[in-house]
Amino acid sequence: MTETRQKTLFVANRGEIALRIIRAGRRLGLRVACGFSEADRDASYLAAADDAICIGPAAASKSYLNIAAIISAARLLKADLIHPGYGFLSEKPEFAEAVESAGMTLVGPSADVMRRMGDKVEAKAAMLAAGVPCVPGSKGALPADPAGMRPIAEETGFPVILKAAGGGGGRGMRVVRRAEELAEAAMLTRQEAERFFGNAEIYLEKFLERPRHVEIQIMADAHGHAVWLGDRDCSMQRRHQKLIEEAPAPGIDRALVAEIGARCARSCVDIGYVGAGTFEFLYEDGQFYFIEMNTRIQVEHPVTEMVTGLDIVALQIEMACGKPLPFVQDDIVSAGHAIECRINAEDPETFAPSPGRVTALHLPGGPGVRVDTHMNSGGAVSAHYDSMIAKVIAHGADRTEALARARAAVAEMRVEGISTNLSLHRDLIAEPGFAAGGVSIHHLERLLKGKA
Ligand code: ADP
């Protein structure tokens with residue numbers, strides 16, 4: 001009798017997303033092994049995995065970002081697949097290459113596709129070729145000579161934004177409002193780009209004054225099929241960090257979203273994309289403008305799961321295993337509305353991180369409420385990592401019901417022992433601008449400054 005060996009999935013991440021991946025892997029019948037740093041040794045979510053292994057010291061550079069350590073741990077545990085989650089190594093083509101050369105499969109696109117989409121100049125060119133609308137600006141990278149730059153900026157029209165081709169995390173960008181400031185701003189942005197990203201190439205775009213952040217979730221198999229699973233509005237941000245996300249984006253013509261979604265899906269087939277991905281757009285005055293693609297699972301994926309009823313992480317793993325997409329575009333339905341609040345261990349006013357021990361934790365529940373968290377009473381929030389400790393997701397038949405459930409959920413949740421931004425969420429959910437829907441990416445910062 002032939003028996004197929006149970007595949008092993010290695011989780012190269014921590015916290016809530018590690019637990020989310022462990023759950024998806026086990027649901028699919030895989031054996032799941034999870035890497036952890038010394039700081040996470042006692043984390044309770046590790047017990048949900050079949051196996052756990054230390055991958056290094058607390059400092060992320062020595063553990064969650066340590067390619068050699070992760071590959072050897074995954075080998076030791078006989079992993080077939082490695083899930084990188086988000087952040088850390090999830091968008092590093094070097095990691096994808098290392099996984100491929102070690103004979104394992106990354107849950108994500110190939111190193112080549114990841115590299116191509118990680119270069120924003122190349123990504124924009126690929127999107128334009130696929131008919132995905134982009135922010136008007138330079139065609140490709142800017143010339144090094146300031147004299148050559150000026151006509152491009154003038155043709156685009158001031159204000160413009162200079163951006164690093166290799167940029168990420170909201171760094172390496174500079175707004176230029178007048179032609180006289182262009183040369184110096186370009187020099188500074190180039191220096192930053194070289195220092196932060198090891199790539200001095202920069203490009204230029206029209207600066208949109210009050211856009212919304214709207215993104216499209218896609219899923220693609222290795223057999224030339226891709227679908228889009230819906231849109232999300234992530235405009236409630238502070239310093240480019242998203243705080244509240246929702247699906248679908250309120251007040252946008254559904255036919256337009258469907259057209260953009262279809263183009264995103266088609267472009268995945270064009271570029272040979274496999275797995276879950278997100279196309280990020282700025283949306284202003286009824287127009288979508290592509291800014292970048294994220295080649296990994298995103299923090300905010302649950303809002304799409306709540307309206308579609310799909311398990312995006314499980315699908316992502318199945319795509320990596322070579323399974324065909326189990327549905328076609330017309331099978332995907334979006335029902336109701338979902339809102340996610342990111343609960344961070346931080347001071348609600350100063351935003352200073354608040355590491356420490358959670359002495360008591362009460363999680364909200366009830367119809368339409370989901371909490372994704374790795375935290376428990378007695379659990380530690382480490383100063384070494386991101387401060388997000390939970391995501392509270394509320395679903396309702398419509399946006400009004402989703403808001404009411406989100407409001408009740410953040411009111412009910414209690415975290416003791418550390419500071420959290422729960423009180424900020426309680427205020428924001430009830431804030432008239434957000435409640436009305438369709439705020440710009442500057443709304444939250446203006447509110448915090450008392451200007452909205
Ligand atoms: P990163 O990879 O660093 O996140 P993005 O290209 O996604 O860079 O841009 C990050 C943020 O910068 C956007 O969400 C938006 O707030 C702002 N931004 C980027 N491009 C523009 C633009 N053309 N006009 C206005 N704001 C922009």
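Keep in mind that what you see is a predicted model, and the values were worked out from it rather than measured. (Residues numbered from 1 in each chain as written. Predicted model: local features only at pLDDT ≥ 70, side-chain atom pairs only at ≥ 80, totals over all residues.)

Looking at the overall build of the protein
Here is step 1 of the chain: Helix and strand counts for the protein stand at 14 helices and 20 strands.
Here is step 2 of the chain: Oriented by its inertia axes, the alpha-carbon framework of the protein measures out at about 65 × 50 × 45 Å.
Here is step 3 of the chain: Burial analysis of the protein (452 residues in total) assigns 50% to the buried set.
Here is step 4 of the chain: At a minimum sequence separation of 6, the contacts of the protein that also span at least 24 residues come to 65%. (Helix = DSSP H or I, 4+ residues; strand = E, 2+ residues; numbered from the N terminus. Buried ≥ 20, exposed ≤ 12 C-beta atoms within 10 Å, placed from the backbone. Contact = placed C-beta atoms within 7 Å.)

Observations concerning helix H3 (residues 93-101)
Each α-helix winds once per 3.6 residues, and so residues spaced three or four apart point in a common direction.
Here is step 1 of the chain: Every buried residue of H3 is accounted for by Pro93, Phe95, Ala96 and Val99. Along H3, the residues classed as buried sweep out an arc of 160° about the axis, all on the same side. Along H3, the residues that are exposed and aim more than 90 degrees away from the buried face are Glu94 and Ser101.
Here is step 2 of the chain: Buried residues in H3 make contact with helix H2 (67-76), strand E4 (81-83), strand E5 (105-106) and helix H4 (111-118).
Here is step 3 of the chain: The positive-phi residue at the C-terminal boundary of H3 is Gly103, with phi of around 80°. (Arc of directions from axis to C-beta.)

Some details on the packing of helix H6 (residues 146-156) against helix H7 (residues 182-197)
Here is step 1 of the chain: Between H6 and H7, whose axes approach to 10 Å, the crossing angle comes to 110°. By the criterion of interaxial angle, the relationship of H6 to H7 is roughly perpendicular. The residues of H7 that touch H6, namely those facing Pro146, Met149, Arg150 and Ala153, are Leu182, Ala183 and Ala186.
Here is step 2 of the chain: Across the contact of H6 with H7, the residue classes tally to six nonpolar, no polar and one charged. (Axes fitted to C-alpha atoms, helices over the stretch in contact; angles between N-to-C directions. Parallel < 35°, antiparallel > 145°, perpendicular 65-115°, else oblique. Nonpolar A, V, L, I, M, F, W, Y, C, P; charged D, E, K, R; others polar.)

Concerning the nonpolar core
Looking at soluble globular proteins, one finds that nonpolar side chains tend to be buried together.
Here is step 1 of the chain: Judged by nonpolar contacts, the single largest core of 81 residues is most densely connected at Val11, Cys34 and Ile218.
Here is step 2 of the chain: With residues up to four places along the chain from it excluded, the contact list for Val11 reads Ala18, Ile21, Ile22, Val32, Cys34, Gly35, Ala49 and His83.
Here is step 3 of the chain: Formed by 35 residues, the second largest nonpolar core is a distinct cluster that contains Met375, Ala390, Ala406 and Leu424. (Core = buried A, V, L, I, M, F, W, Y, C linked by C-beta atoms within 7 Å.)

Considering the sheet that holds strand E2 (residues 31-37)
Here is step 1 of the chain: Strand order in the open sheet formed by five strands is E3-E2-E1-E4-E5, with parallel pairing between adjacent strands. Across the chains shown, the open sheet's two edge strands, defined by having one partner strand only, are strand E3 (51-56) and E5.
Here is step 2 of the chain: With three bridges connecting them, strand E1 (residues 8-11) and E4 associate as parallel partners. What sits directly across from Val11, in E4, is His83. (Pairing = 2+ DSSP bridges.)

A word on the UniProt feature "domain: Biotin carboxylation" (unreviewed entry) in the protein
Here is step 1 of the chain: Taking the UniProt record as the reference, the feature "domain: Biotin carboxylation" (unreviewed entry) is found at residues 5-449.
Here is step 2 of the chain: This span, residues 5-449, is 33% helix and 26% strand, and a straight line between its end C-alpha atoms measures 58 Å. (UniProt positions renumbered as here; feature names shortened; annotations may be inferred.)

A short note on the pairing of strand E13 (residues 287-294)
Here is step 1 of the chain: In the sheet, strand E12 (residues 275-284) pairs with E13 via seven bridges, with the strands oriented antiparallel. Its bridge partner being in E13, Leu282 is matched across the sheet by Tyr289.
Here is step 2 of the chain: Following E12, the chain reverses through two residues before pairing antiparallel with E13; Asp285 in that reversal takes a positive phi of roughly 45°.

Notes on the site of the ligand
Here is step 1 of the chain: Close contacts around the ligand come from 20 residues, with Gly168, Gly170, Glu205, Leu208 and Ile291 the closest.
Here is step 2 of the chain: Contributions of two or more residues to the shell around the ligand are made by strand E8 (202-206), E12 and E13.
Here is step 3 of the chain: A per-class count over the shell around the ligand returns nine nonpolar, six polar and five charged. (Near = placed C-beta within 6 Å.)

Examining the packing of H3 against H4
Here is step 1 of the chain: One way to put it is that H3 packs onto H4 with a least axis distance of 8 Å and a crossing angle of 180°. Our classification of the angle between H3 and H4 gives roughly antiparallel. Contacts between H3 and H4 involve Pro93, Ala96, Glu97 and Glu100 on the former and, on the latter, Ala111, Met114, Arg115 and Gly118.
Here is step 2 of the chain: Residue classes in the contact of H3 with H4 are distributed as four nonpolar, one polar and three charged.

What about the sheet that holds E13?
Here is step 1 of the chain: Pairing in this open sheet of eight strands is antiparallel, and the strands run E13-E12-E9-E10-E11-E14-E19-E17 from one edge to the other. Edge positions in the sheet fall to E13 and strand E17 (369-373), since each of these pairs with one other strand and no more. Averaged over all neighbouring strand pairs, the angle between strand axes comes to 25°, with direction disregarded.
Here is step 2 of the chain: Taken together, the eight bridges between strand E14 (residues 337-344) and strand E19 (residues 388-396) define a ladder with antiparallel strand orientation. Considered in E19, the bridge of Glu340 is made with Ile393.
Here is step 3 of the chain: Relative to strand E10 (residues 226-238), helix H8 (residues 254-271) is tilted by about 115°, and along the sheet it contacts strand E9 (212-220), E10, E12 and E13.

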